[in-house]
Amino acid sequence: MCGRFTLFHSSNELEKVFEISFPSIEPNYNLAPSQPILTISNEMNEAKASFMRWGLIPYWAKREDVGQKMINARSETLHEKRSFKNLLANNRCIIPASSFYEWKKENGKKQPYVIESTDQQVLAFAGLWDSWRNTKTNETIQSCTILTTVASENIKTIHPRMPVVLEEGNRQAWLDPTITDYDKLSFLFQPISPKHLQSRRVSTLVNNPKHNGPQLETIKKTAHL
């Protein structure tokens, strides 16, 4: 499960990592479902950055609110699900993130933790996207979902699942349009090595998506909603 994440690396930092142009972005410490999030997809054999709505709306969906239930997709069963199996072949994307949040039950309450790279580098989540047209308004919405896998050993104590994090050497393969078979992509769905991630308790202010700012990533034992 990944229900909240951050992106506070600058456009310049992202361009150095992914070697493509990025639009100007504002730091966001509490990205939530239904919000526009930054993605990288393959367009005409060229990687391109754009914003998509978080929460996949399949092209065949009758209502756009179906996206609220499709913020994540289990990587182990992508090839079995109607909503995802065709997207796996043709509509893959990368979702840059600075960190992500998970919640652990402690003393009867849900305590948020931030999970980030041990070297503070940007993370690259594997995702799928689709394009949906509202027949009433003729509006076209591009939306996406974040793939999940079993959690790394050091994250399992917080939550059993986590986003599929693509290591640097695998990002090109994920966007390669010539690779369309699930079996040839499934090796990418292994949890990232524990040595690359670290976690820490953070303010419970993050529980409310209306709260934003760097203070969310600080430890505040007395913070509450």
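Everything numeric in this text was worked out from a predicted model, so none of it was measured.

Student: Sorry, what's going on with the nonpolar core here?
Tutor: Most often, soluble globular proteins have nonpolar side chains that are buried together. Grouped together as the largest cluster of nonpolar side chains are 53 residues, with contacts concentrated most on F5, F18, L78, F125, L147, W174 and F189. A total of 6 residues in this core trace back to one element, the largest contributor, which is strand 9 (residues 123-133). Setting aside its immediate chain neighbours within four residues, F125 contacts C2, F5, C93, I94, I95, A97, F100, I146, P163, V164, V165 and L166. If you look at the next biggest cluster of nonpolar residues, it comprises 7 residues, including Y101, V202, L205 and V206.

Student: Teacher, can you tell me more about the pairing of strand 3 (residues 36-43) here?
Tutor: In summary, the side chains of a regular strand alternate between the two faces of the sheet. For strand 3 and strand 4 (residues 46-54), the ladder comprises 8 bridges, and the chain directions are antiparallel. Note on strand 4: the bridge partner recorded for L38 is F51. In this structure, the hairpin formed by strand 3 and strand 4 is closed by a connection of 2 residues, where M44 is found at a positive phi of approximately 55°. Where strand 3 meets strand 6 (residues 92-97), 2 bridges bridge the pair, whose relative direction is antiparallel. Bridge pairing in strand 6 links S41 to C93.

Student: For this particular structure, what's the right way to read the pairing of strand 8 (residues 109-117)?
Tutor: For strand 8, the tally of buried residues reaches 7 of 9 residues, placing the bulk of the element in the interior. Sheet topology places strand 7 (residues 99-106) next to strand 8; 8 bridges connect them, and they run antiparallel. Within the sheet, the bridge partner assigned to K104 lies in strand 8 and is Q111. The hairpin turn running from strand 7 into strand 8, its antiparallel successor, is 2 residues long, and N107 in that turn takes a positive phi close to 55°. Bridge count between strand 8 and strand 12 (residues 197-201): 5 bridges; the pairing is antiparallel. Bridge pairing in strand 12 links S117 to L197.

Student: Is there a simple way to explain the pattern of salt bridges in this structure?
Tutor: Close approach of charged atoms allows side chains of opposite charge to pair. Tallied over the full model, the rule gives 7 salt bridges. Notably, a salt bridge pairs R201 with E106, separated by 3.5 Å at the nearest N-O pair. Highlighted residues: R201 in strand 12 and E106 in strand 7, separated in sequence by 95 residues. Classification of R201 as partly exposed rests on a relative accessible area of 28%. Notably, a salt bridge pairs R200 with E116, separated by 3.1 Å at the nearest N-O pair.

Student: It is not clear to me how the sheet that holds strand 7 should be interpreted in this structure. Could you clarify?
Tutor: What holds strands together in a sheet is hydrogen bonding between their backbones, with the strands either parallel or antiparallel. The sheet built from 5 strands is open, its strands ordered 2-1-7-8-12 with antiparallel pairing. Only two strands of the sheet have a single neighbouring strand rather than two, namely strand 2 (28-31) and strand 12. The average undirected angle you get between the axes of adjacent strands in this sheet is 30°.

Parameters at a glance
- Residues numbered from 1 in each chain as written.
- Predicted model: local features only at pLDDT ≥ 70, side-chain atom pairs only at ≥ 80, totals over all residues.
- Heavy atoms only, no water.
- Core = buried A, V, L, I, M, F, W, Y, C linked by side-chain atoms within 4.5 Å.
- Buried < 20%, exposed > 50% of the residue type's maximum accessible area, 1.4 Å probe, protein only.
- Helix = DSSP H or I, 4+ residues; strand = E, 2+ residues; numbered from the N terminus.
- Contact = heavy atoms within 4.5 Å.
- Pairing = 2+ DSSP bridges.
- Salt bridge = Lys/Arg side-chain N within 4 Å of Asp/Glu carboxyl O.
- Axes fitted to C-alpha atoms, helices over the stretch in contact; angles between N-to-C directions.

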